[in-house]
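Observations on the three-dimensional arrangement
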Amino acid sequence: MHTASETSAHGSARDREIVAARVIVTSPGRNFVTLKIETRSGISGLGDATLNGRELAVASYLQDHVVPNLIGRDAGRIEDLWQFLYRGAYWRRGPVTMSAIAAVDVALWDILGKLAGLPLCQLLGGRSREGALVYAHANGRDIEEASDEVGKFVEQGFLAVRAQCGVPGIKKPYGLSAKGKPYEPAESELPLETTWSTPRYLDVVPRLFERLRADHGDGVELLHDAHHRLTPIEAARLARSLEPYRLFWLEDATPAENQASFELIRRHSVTPLAVGEVFNSIWDCKHLIEQQLIDYIRTTIVHGGGITAMRRLADFAALYQVRTGFHGATDLSPVTMGAALHFDAWVPNFGIQEYMFHSDEANAVFPHDYAFRDGRLHVGDTPGHGVTIDEKLAAKYPYAPKQLPVARLEDGAMWNW
Ligand code: CS2
Ligand code: MG
């Protein structure tokens, strides 16, 4: 007999008992790892576990070390399961562990929404806004082409656009997609070796944004990703040189293992700073946030430990007026996009959501109810996060080993890609 606390509108503990959990690896245009948790009631939930270039590490972590611990547990005990998987891992944190925990967490929130008949944003506290402001990715081999690409997104109704362009003399600089194709960096089985030159890069970026403001005016929000390539003083120089063009943010200006290095950038510039897509825990950004060294935190649901963890991080960030700016590249699945958009709809200190388009194949494998209009992505009222998986179709796209590029300086020394 179940106690009153176990029998509620959300079914009984027996209904919520986890009876199966399956890891689905599929590659519709690119690799994705998805966890599907099934309960005795027949209700199931999905979580994204994709870690670009290291997908099978997370798939194994889930299959071999997490799934055996899920069977028989109450899917409604979301917090307890999060604590079990975090504290119980012993080897805490890290992108593989936290992506696996995130997949379980998001699947459980999805199940809870379906049991309650409520969309995820309602479970969190309801909508704070109509739609999430999103930014698209414009890039070009040179300034001219990049500006044309920005113009195309503005015409499509985007209110914010990230702009990257080629660096003269540098082959395969960061952020450029093959003409007309979505940007996908993990394009080879072993890392592609690219070259990097900070001096050449620092010469071209201010000219890019001078041209963008001249071509597109002050209305559109412009963003740029330095992708961990600069030293703190170089980042300070770039941030200061971009001040006349009023960026929405300069992202990953310098690697953030030493969070204090952002103090140097902050001393020299008022260009807003965003960081965190490679973080996986609140401890990676505690100093950055409480010292107000950044303006947007990029850590997102799939790599940051799920809804349960990101809710804590967002609330902590709100104390210091730091806003969310979730990572939303194509290597995060539509499951993460769906969950993130529900979070974006609720979170009081929302900033912006990255929106790189998934391929048609990926959108067919992961049907969803979010939609773009008026420069924002809107989630529907489907119970849960609103994303499903067509497993038959997913099975048609076998995993293909892919890794991210690496970067070397012109003298051959390894650098940050
Ligand atoms: C980039 C990402 O979207 C971004 O801001 O930093 O595309 C990043 O390069 C990829 O997610 C790496 O897999
Ligand atoms: Mg980035």
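The protein chain appears in an unreviewed UniProt entry as D-mannonate dehydratase ManD from Rhodanobacter lycopersici.

What follows concerns the sheet that holds strand β15 (residues 406–409). Pairing within the open sheet is mixed, and its three strands lie in the order β6-β15-β16. On the outer flanks of this sheet lie β6 (193–196) and β16 (414–415), each paired with one strand and no other. Across four bridges, β6 lies against β15 in parallel orientation. Its bridge partner lying in β15, Trp196 is registered against Leu409.

Glancing now at empty space enclosed by the protein. On inspection of all chains with the given rule, the structure shows one cavity of 30 Å³ or more. Space inside the largest cavity adds up to approximately 70 Å³. Considering the residues around the largest cavity, the lining is formed by Gln164, Cys165, Val167, Pro173, Tyr174, Trp196, Tyr201, His224, Asp225, Ala226 and Arg229. Mapped by element, the contributors of at least two residues to the lining of the largest cavity are β5 (160–165) and β7 (221–225). For the lining of the largest cavity, the per-class residue count stands at seven nonpolar, two polar and two charged.

Contacts to ligand 1 come from 16 residues, most closely from Asn52, His227, Glu251, Glu277 and Glu354. The separation between an oxygen atom of ligand 1 and a polar side-chain atom of Asn52 is 2.8 Å. Here Asp225 contributes a side-chain N or O atom positioned 3.0 Å from an oxygen atom of ligand 1. Its free accessible area being 340 Å², ligand 1 has 96% of it covered by the protein chains. Mapping ligand 1 onto the cavity grids shows that it belongs to the largest pocket.

Further remarks concern the packing of aromatic side chains. Counted according to the given criterion, the structure contains 19 aromatic pairs. Geometrically, the ring pair formed by Phe158 and Phe357 is tilted, given 6.0 Å between the ring centres and 40 degrees between the ring planes. Here Phe158 is found in the loop between α5 (143–155) and β5, whereas its partner Phe357 is found in the loop between β12 (353–354) and α12 (360–365), with 199 residues between them in sequence. Classification of Phe158 as buried rests on a relative accessible area of 4%. Phe357 sits in the partly exposed class, given a relative accessible area of 33%. Three or more aromatic residues joined by ring pairs make a cluster, and in this case those are Phe153, Phe158, Tyr355, Phe357 and Phe372. Cation over ring: Arg73 sits above Phe84, and NZ or CZ is 4.1 Å from the ring centre. Against the face of Trp196 rests Arg229, its NZ or CZ located 4.8 Å from the ring centre.

Thresholds applied
- Residues numbered from 1 in each chain as written.
- Chains lettered and ligands numbered in written order.
- Predicted model: local features only at pLDDT ≥ 70, side-chain atom pairs only at ≥ 80, totals over all residues.
- Heavy atoms only, no water.
- Pairing = 2+ DSSP bridges.
- Helix = DSSP H or I, 4+ residues; strand = E, 2+ residues; numbered from the N terminus.
- 1 Å grid on protein atoms, 1.4 Å probe; cavity = no way out; pocket = protein on both sides within 12 Å on 5 of 7 lines; lining within 4 Å.
- Points joined across faces, edges and corners; volume = space filled by probe spheres on them.
- Nonpolar A, V, L, I, M, F, W, Y, C, P; charged D, E, K, R; others polar.
- Near = heavy atom within 4 Å.
- Polar contact = N/O pair within 3.5 Å; in protein donor to acceptor, adjacent residues only side chain to side chain.
- Areas by Shrake-Rupley, 256 points an atom, 1.4 Å probe, with all protein chains shown as cover.
- Sits in = over half its atoms within 2 Å of the grid points.
- Phe/Tyr/Trp six-rings, centres within 6.5 Å; stacked < 30°, edge-to-face > 60°.
- Buried < 20%, exposed > 50% of the residue type's maximum accessible area, 1.4 Å probe, protein only.
- Lys NZ or Arg CZ within 6 Å of the ring centre and 35° of its normal.

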